[in-house]
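# Observations on chain architecture
Here are the chains, one letter per residue:
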Amino acid sequence: MNDLDQRHLELRQLRYFIAVAEELHFGKAATRLHMTQPPLSQAIQAFEADLGTPLFVRSTRQIALTAAGKALLPEARKLLLQAAGLRQLVQRAAAGTQGHLSLAFVSIADYSILPPTLRTFRQSHANVSIELREATTDIQLDALEKGEIDAGFMIPPIPEKSLAVLDYQKILTEPLILAAPEHLFPHGEAVSIEQCKDQALILFPRKIAPALHDAILGFFHESGLTPEIGQEAIQMQTIVGLVSAGMGIALVPQSVSNLQRPGVSYHAFTSKTPAVEIGFAWRKDNTSAVLTSFLQLLHHTLC
(Lines give C-alpha, C1' and ligand atoms only; values in the text may rest on other atoms or scores of the structure.)
Protein backbone atom coordinates (compact mmCIF):
# COMPACT_ATOMS: atom_id res chain seq x y z
CA MET A 1 0.00 0.00 0.00
CA ASN A 2 1.52 3.38 -0.96
CA ASP A 3 1.59 6.42 1.35
CA LEU A 4 -1.38 8.10 -0.33
CA ASP A 5 -3.55 5.00 0.10
CA GLN A 6 -2.53 4.75 3.75
CA ARG A 7 -3.40 8.38 4.44
CA HIS A 8 -6.75 7.86 2.75
CA LEU A 9 -7.39 4.78 4.92
CA GLU A 10 -6.50 6.64 8.12
CA LEU A 11 -8.90 9.47 7.30
CA ARG A 12 -11.61 6.94 6.52
CA GLN A 13 -11.02 5.24 9.86
CA LEU A 14 -11.33 8.61 11.61
CA ARG A 15 -14.63 9.29 9.85
CA TYR A 16 -15.89 5.85 10.90
CA PHE A 17 -14.77 6.39 14.46
CA ILE A 18 -16.41 9.84 14.71
CA ALA A 19 -19.72 8.52 13.36
CA VAL A 20 -19.84 5.69 15.90
CA ALA A 21 -18.69 7.97 18.74
CA GLU A 22 -21.41 10.51 17.98
CA GLU A 23 -24.20 7.97 17.41
CA LEU A 24 -23.04 5.48 20.07
CA HIS A 25 -24.76 2.88 17.93
CA PHE A 26 -23.14 0.83 15.16
CA GLY A 27 -26.37 0.45 13.19
CA LYS A 28 -27.17 4.17 13.19
CA ALA A 29 -23.55 5.04 12.38
CA ALA A 30 -23.57 2.60 9.46
CA THR A 31 -26.77 4.18 8.09
CA ARG A 32 -25.20 7.65 8.42
CA LEU A 33 -22.13 6.43 6.53
CA HIS A 34 -24.23 4.74 3.81
CA MET A 35 -22.79 1.29 4.53
CA THR A 36 -23.78 -1.92 6.29
CA GLN A 37 -22.95 -2.62 9.92
CA PRO A 38 -20.53 -5.59 9.65
CA PRO A 39 -17.85 -3.75 7.58
CA LEU A 40 -18.11 -0.78 9.96
CA SER A 41 -17.64 -2.99 13.03
CA GLN A 42 -14.65 -4.67 11.37
CA ALA A 43 -13.10 -1.32 10.44
CA ILE A 44 -13.43 -0.03 14.02
CA GLN A 45 -11.89 -3.23 15.40
CA ALA A 46 -8.99 -2.89 12.97
CA PHE A 47 -8.55 0.75 13.98
CA GLU A 48 -8.45 -0.23 17.66
CA ALA A 49 -5.91 -2.91 16.86
CA ASP A 50 -3.73 -0.36 15.04
CA LEU A 51 -3.91 1.99 18.02
CA GLY A 52 -3.33 -0.81 20.52
CA THR A 53 -6.28 0.12 22.74
CA PRO A 54 -10.10 -0.15 22.76
CA LEU A 55 -12.00 2.98 21.82
CA PHE A 56 -15.43 1.70 22.84
CA VAL A 57 -16.90 -0.27 25.72
CA ARG A 58 -19.36 -2.70 24.11
CA SER A 59 -22.33 -4.42 25.72
CA THR A 60 -25.36 -6.17 24.30
CA ARG A 61 -27.52 -3.08 24.79
CA GLN A 62 -25.24 -0.09 24.28
CA ILE A 63 -21.74 1.12 23.64
CA ALA A 64 -19.77 3.91 25.27
CA LEU A 65 -16.45 5.64 24.69
CA THR A 66 -13.45 4.52 26.67
CA ALA A 67 -11.09 7.12 28.13
CA ALA A 68 -8.94 6.68 25.02
CA GLY A 69 -11.96 7.18 22.79
CA LYS A 70 -12.96 10.36 24.62
CA ALA A 71 -9.44 11.72 24.21
CA LEU A 72 -9.34 10.84 20.52
CA LEU A 73 -12.72 12.31 19.52
CA PRO A 74 -11.87 16.07 19.56
CA GLU A 75 -8.51 15.44 17.91
CA ALA A 76 -10.10 13.29 15.21
CA ARG A 77 -12.56 16.10 14.45
CA LYS A 78 -9.67 18.59 14.13
CA LEU A 79 -7.76 16.29 11.80
CA LEU A 80 -10.74 15.85 9.49
CA LEU A 81 -11.34 19.61 9.40
CA GLN A 82 -7.69 20.18 8.51
CA ALA A 83 -7.82 17.52 5.84
CA ALA A 84 -10.96 19.06 4.36
CA GLY A 85 -9.16 22.40 4.19
CA LEU A 86 -6.23 21.01 2.22
CA ARG A 87 -8.17 20.86 -1.04
CA GLN A 88 -9.25 24.48 -0.72
CA LEU A 89 -5.73 25.56 0.22
CA VAL A 90 -4.20 23.82 -2.79
CA GLN A 91 -6.86 25.15 -5.15
CA ARG A 92 -6.40 28.73 -3.87
CA ALA A 93 -2.64 28.46 -4.26
CA ALA A 94 -3.00 27.11 -7.80
CA ALA A 95 -5.40 29.95 -8.65
CA GLY A 96 -3.06 32.56 -7.18
CA THR A 97 -5.52 33.59 -4.48
CA GLN A 98 -3.37 32.32 -1.62
CA GLY A 99 0.35 32.59 -1.08
CA HIS A 100 3.01 35.28 -0.83
CA LEU A 101 4.04 38.20 -3.04
CA SER A 102 7.12 40.36 -2.46
CA LEU A 103 7.07 43.71 -4.26
CA ALA A 104 9.54 46.57 -4.39
CA PHE A 105 8.70 50.09 -5.55
CA VAL A 106 10.33 53.43 -6.22
CA SER A 107 8.97 56.21 -4.04
CA ILE A 108 7.20 57.83 -7.01
CA ALA A 109 4.93 54.79 -7.37
CA ASP A 110 3.69 55.32 -3.82
CA TYR A 111 1.88 58.47 -4.97
CA SER A 112 0.39 57.06 -8.16
CA ILE A 113 -0.10 53.44 -9.19
CA LEU A 114 0.82 51.47 -6.06
CA PRO A 115 -1.99 52.32 -3.56
CA PRO A 116 -4.99 51.74 -5.89
CA THR A 117 -3.43 48.59 -7.37
CA LEU A 118 -2.79 47.06 -3.95
CA ARG A 119 -6.25 48.04 -2.75
CA THR A 120 -7.92 46.32 -5.71
CA PHE A 121 -5.70 43.25 -5.42
CA ARG A 122 -6.42 42.86 -1.71
CA GLN A 123 -10.17 42.90 -2.35
CA SER A 124 -9.96 39.67 -4.39
CA HIS A 125 -6.81 38.15 -2.83
CA ALA A 126 -7.34 38.54 0.90
CA ASN A 127 -5.37 35.34 1.61
CA VAL A 128 -2.22 36.57 -0.11
CA SER A 129 0.44 38.03 2.17
CA ILE A 130 2.18 40.99 0.53
CA GLU A 131 5.68 42.11 1.45
CA LEU A 132 6.52 45.65 0.35
CA ARG A 133 9.97 47.19 0.06
CA GLU A 134 10.77 50.73 -1.05
CA ALA A 135 13.91 50.66 -3.18
CA THR A 136 15.56 52.50 -6.03
CA THR A 137 15.61 50.92 -9.48
CA ASP A 138 19.23 49.75 -9.24
CA ILE A 139 18.58 47.99 -5.93
CA GLN A 140 15.41 46.40 -7.32
CA LEU A 141 17.23 45.05 -10.36
CA ASP A 142 19.85 43.46 -8.14
CA ALA A 143 17.18 41.95 -5.86
CA LEU A 144 15.27 40.58 -8.88
CA GLU A 145 18.36 38.96 -10.36
CA LYS A 146 19.07 37.33 -6.99
CA GLY A 147 15.45 36.16 -6.63
CA GLU A 148 14.95 38.17 -3.43
CA ILE A 149 11.72 39.80 -4.67
CA ASP A 150 9.00 38.74 -7.09
CA ALA A 151 8.63 42.03 -8.95
CA GLY A 152 9.06 45.76 -8.72
CA PHE A 153 7.71 49.12 -9.82
CA MET A 154 10.67 51.02 -11.23
CA ILE A 155 11.86 53.81 -13.48
CA PRO A 156 13.46 52.74 -16.78
CA PRO A 157 15.74 52.33 -18.62
CA ILE A 158 16.43 48.69 -17.81
CA PRO A 159 19.96 47.55 -18.73
CA GLU A 160 20.22 45.04 -21.56
CA LYS A 161 21.88 42.47 -19.30
CA SER A 162 18.90 42.67 -16.94
CA LEU A 163 16.38 42.31 -19.78
CA ALA A 164 17.97 38.95 -20.53
CA VAL A 165 16.32 37.55 -17.39
CA LEU A 166 13.51 40.05 -16.77
CA ASP A 167 10.23 40.98 -18.40
CA TYR A 168 9.19 44.65 -18.29
CA GLN A 169 5.79 46.30 -18.72
CA LYS A 170 5.27 50.05 -19.00
CA ILE A 171 2.60 51.10 -16.50
CA LEU A 172 2.21 54.88 -16.81
CA THR A 173 3.83 58.12 -17.82
CA GLU A 174 3.16 61.49 -16.26
CA PRO A 175 4.51 65.01 -16.78
CA LEU A 176 6.89 66.73 -14.43
CA ILE A 177 5.63 69.68 -12.40
CA LEU A 178 7.34 72.15 -10.09
CA ALA A 179 7.48 71.76 -6.33
CA ALA A 180 8.51 75.10 -4.86
CA PRO A 181 8.53 76.93 -1.53
CA GLU A 182 5.07 78.48 -1.41
CA HIS A 183 6.31 82.06 -1.13
CA LEU A 184 7.98 81.98 -4.56
CA PHE A 185 4.94 81.85 -6.84
CA PRO A 186 1.19 82.49 -6.44
CA HIS A 187 -0.69 79.33 -5.49
CA GLY A 188 -1.94 77.39 -8.51
CA GLU A 189 -0.22 79.62 -11.08
CA ALA A 190 1.62 78.03 -13.98
CA VAL A 191 5.26 79.04 -14.22
CA SER A 192 7.93 79.07 -16.90
CA ILE A 193 11.26 77.32 -16.56
CA GLU A 194 12.94 80.72 -16.86
CA GLN A 195 11.32 81.80 -13.60
CA CYS A 196 13.30 79.04 -11.86
CA LYS A 197 16.76 80.04 -13.09
CA ASP A 198 17.94 81.56 -9.80
CA GLN A 199 16.68 78.74 -7.57
CA ALA A 200 18.76 75.86 -6.24
CA LEU A 201 17.59 72.55 -7.70
CA ILE A 202 16.95 69.47 -5.56
CA LEU A 203 17.49 66.38 -7.67
CA PHE A 204 17.74 62.60 -7.77
CA PRO A 205 21.33 61.35 -8.05
CA ARG A 206 22.01 60.28 -11.63
CA LYS A 207 23.23 56.86 -10.46
CA ILE A 208 19.80 55.77 -9.21
CA ALA A 209 17.55 57.43 -11.81
CA PRO A 210 19.62 58.39 -14.88
CA ALA A 211 16.64 58.90 -17.20
CA LEU A 212 14.81 61.16 -14.76
CA HIS A 213 17.99 63.04 -13.81
CA ASP A 214 18.89 63.67 -17.46
CA ALA A 215 15.33 64.65 -18.42
CA ILE A 216 15.20 67.30 -15.70
CA LEU A 217 18.57 68.81 -16.56
CA GLY A 218 17.75 68.59 -20.27
CA PHE A 219 14.59 70.62 -19.68
CA PHE A 220 16.71 73.41 -18.22
CA HIS A 221 19.38 73.16 -20.92
CA GLU A 222 16.81 73.41 -23.72
CA SER A 223 15.99 76.88 -22.35
CA GLY A 224 19.66 77.85 -22.13
CA LEU A 225 19.77 77.41 -18.36
CA THR A 226 22.24 75.56 -16.17
CA PRO A 227 20.69 75.03 -12.74
CA GLU A 228 22.63 75.07 -9.51
CA ILE A 229 22.31 71.65 -7.86
CA GLY A 230 21.59 72.43 -4.22
CA GLN A 231 20.87 68.97 -2.80
CA GLU A 232 20.47 65.41 -3.97
CA ALA A 233 18.05 62.90 -2.39
CA ILE A 234 16.86 59.43 -3.36
CA GLN A 235 13.36 59.48 -1.86
CA MET A 236 10.53 61.67 -3.08
CA GLN A 237 9.33 62.52 0.42
CA THR A 238 12.83 63.69 1.28
CA ILE A 239 12.97 65.90 -1.80
CA VAL A 240 9.62 67.49 -0.99
CA GLY A 241 10.73 67.85 2.63
CA LEU A 242 13.82 69.78 1.48
CA VAL A 243 11.59 72.04 -0.62
CA SER A 244 9.43 72.60 2.45
CA ALA A 245 12.57 73.63 4.36
CA GLY A 246 13.33 76.28 1.73
CA MET A 247 16.40 74.46 0.39
CA GLY A 248 15.36 74.86 -3.23
CA ILE A 249 12.91 73.75 -5.91
CA ALA A 250 12.32 70.33 -7.47
CA LEU A 251 10.78 68.92 -10.62
CA VAL A 252 8.59 65.99 -9.60
CA PRO A 253 6.03 63.70 -11.28
CA GLN A 254 2.52 65.15 -11.28
CA SER A 255 1.18 62.53 -8.86
CA VAL A 256 3.58 63.74 -6.16
CA SER A 257 1.24 66.70 -5.69
CA ASN A 258 -0.75 64.22 -3.59
CA LEU A 259 2.03 64.61 -1.02
CA GLN A 260 1.03 67.75 0.83
CA ARG A 261 3.66 69.39 3.00
CA PRO A 262 3.47 72.76 4.80
CA GLY A 263 5.32 75.44 2.87
CA VAL A 264 5.22 73.61 -0.49
CA SER A 265 3.15 74.55 -3.52
CA TYR A 266 2.91 72.68 -6.81
CA HIS A 267 2.81 74.35 -10.22
CA ALA A 268 2.36 73.24 -13.82
CA PHE A 269 4.81 74.61 -16.36
CA THR A 270 3.73 76.89 -19.19
CA SER A 271 5.72 74.80 -21.69
CA LYS A 272 5.64 71.08 -22.34
CA THR A 273 7.74 69.19 -19.81
CA PRO A 274 9.43 65.80 -19.99
CA ALA A 275 7.44 62.81 -18.81
CA VAL A 276 8.58 60.21 -16.30
CA GLU A 277 7.74 56.55 -16.89
CA ILE A 278 7.00 53.93 -14.26
CA GLY A 279 7.09 50.28 -15.23
CA PHE A 280 6.79 46.85 -13.69
CA ALA A 281 9.52 44.20 -13.94
CA TRP A 282 9.67 40.55 -12.94
CA ARG A 283 11.81 37.49 -13.65
CA LYS A 284 10.96 35.57 -16.81
CA ASP A 285 11.31 32.27 -14.93
CA ASN A 286 9.02 33.22 -12.05
CA THR A 287 6.08 30.78 -12.20
CA SER A 288 4.27 32.09 -9.11
CA ALA A 289 0.50 31.87 -9.55
CA VAL A 290 0.14 34.87 -7.22
CA LEU A 291 2.42 36.94 -9.43
CA THR A 292 0.43 35.83 -12.49
CA SER A 293 -2.75 37.05 -10.79
CA PHE A 294 -1.11 40.39 -10.00
CA LEU A 295 0.06 40.75 -13.60
CA GLN A 296 -3.46 40.03 -14.84
CA LEU A 297 -4.77 42.81 -12.58
CA LEU A 298 -2.17 45.24 -13.95
CA HIS A 299 -3.06 44.25 -17.52
CA HIS A 300 -6.75 44.83 -16.80
CA THR A 301 -5.92 48.22 -15.26
CA LEU A 302 -3.96 49.27 -18.36
CA CYS A 303 -6.64 48.15 -20.83
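As shown above, the structure is provided for reference.
I will try to describe carefully the structure that is included in this document. Note that this is a predicted model, so its numbers are computed, not measured.

With that settled, consider the overall build of the protein chain. The helix and strand inventory of the protein chain stands at 10 helices and 11 strands. By the compact-globule yardstick of 19 Å for 303 residues, the protein chain is too spread out, its C-alpha radius of gyration being 32 Å. Looking at the protein chain as a whole, 43% of its 303 residues qualify as buried. Considering only contacts within the protein chain whose residues lie at least 6 apart along the sequence, 71% involve residues at least 24 apart. Total accessible area computed for the protein chain in this model is approximately 16100 Å², and 53% of it derives from carbon and sulfur atoms. Of the side chains in the protein chain, 25 bear a positive and 29 a negative charge, and the two mean positions are spaced by 15 Å.

Moving on, we come to the packing of helix α5 (residues 114–124) against helix α10 (residues 289–302). Between two packed helices, what matters for the description is the angle formed by their axes and the separation of those axes. Relative orientation of the contacting elements α5 and α10 amounts to 120°, with a least axis distance of 11 Å. Here α10 runs oblique to α5, going by the angle between their axes. Read as a crossing pair, α5 and α10 show a hand that is right-handed. Contacts between α5 and α10 involve Thr 117, Leu 118, Thr 120 and Phe 121 on the former and, on the latter, Val 290, Ser 293, Phe 294, Leu 297 and Leu 298.

Before going further, it helps to examine the side chain of Ser 107. Following the sequence through the fold, Ser 107 ends up in the loop between β3 (98–105) and α5. A polar atom in the side chain of Ser 107 sits 3.0 Å from the backbone nitrogen of Met 236. Ignoring any residue separated from it by four or fewer positions in sequence, one finds Ser 107 in contact with Glu 134, Ile 234, Gln 235, Met 236 and Gln 237.

Summed over all chains, the structure comprises 10 salt bridges. Residues Glu 22 and Arg 77 are paired through a salt bridge, measuring 3.0 Å at the closest nitrogen-oxygen approach. Of the two residues, Glu 22 is situated in helix α1 (residues 3–23) and Arg 77 in helix α4 (residues 67–95); the sequence distance between them amounts to 55 residues. Exposure remark for Glu 22: the relative accessible area of 36% places this residue in the partly exposed category. Given a relative accessible area of 36%, Arg 77 falls into the partly exposed group. Arg 32 is paired through a salt bridge with Glu 23; the nearest N and O atoms lie 3.2 Å apart. A relative accessible area of 38% places Arg 32 in the partly exposed class. Overall, Glu 23 belongs to the partly exposed group, its relative accessible area being 30%. Each of Glu 22, Glu 23, Arg 32 and Arg 77 takes part in one network of salt bridges that share partners.

Among the nonpolar cores identified, the biggest contains 62 residues, and Phe 153, Leu 178, Leu 212, Tyr 266, Phe 280 and Phe 294 are the most heavily contacted of them. Core analysis: the next-biggest nonpolar cluster, separate from the first, contains 22 residues, Phe 26, Phe 47, Ile 63 and Leu 73 among them.

Taking every second residue as pointing to the same face, both faces of strand β5 (residues 151–154) are buried, with Ala 151 and Phe 153 on one and Gly 152 and Met 154 on the other. Direction of pairing for β3 relative to β5: parallel, over a ladder of three bridges. The partner of Phe 105 across the bridge, within β5, is Phe 153. Here β5 runs beside strand β11 (residues 275–283); their pairing, made up of four bridges, is antiparallel. Across the sheet, residue Ala 151 finds its bridge partner in β11, namely Trp 282.

Procedures and definitions
Residues numbered from 1 in each chain as written. Predicted model: local features only at pLDDT ≥ 70, side-chain atom pairs only at ≥ 80, totals over all residues. Heavy atoms only, no water. Helix = DSSP H or I, 4+ residues; strand = E, 2+ residues; numbered from the N terminus. Rg over C-alpha atoms; globule rule 2.2 N^0.38 Å. Buried < 20%, exposed > 50% of the residue type's maximum accessible area, 1.4 Å probe, protein only. Contact = heavy atoms within 4.5 Å. Areas by Shrake-Rupley, 256 points an atom, 1.4 Å probe, with all protein chains shown as cover. Lys, Arg positive; Asp, Glu negative; His and termini not counted. Charge placed at Lys NZ, Arg CZ, Asp CG, Glu CD. Axes fitted to C-alpha atoms, helices over the stretch in contact; angles between N-to-C directions. Parallel < 35°, antiparallel > 145°, perpendicular 65-115°, else oblique. Left-handed = near helix turned anticlockwise from the far one by under 90°. Polar contact = N/O pair within 3.5 Å; in protein donor to acceptor, adjacent residues only side chain to side chain. Salt bridge = Lys/Arg side-chain N within 4 Å of Asp/Glu carboxyl O. Core = buried A, V, L, I, M, F, W, Y, C linked by side-chain atoms within 4.5 Å. Pairing = 2+ DSSP bridges.

This is a description of form; function is not addressed.
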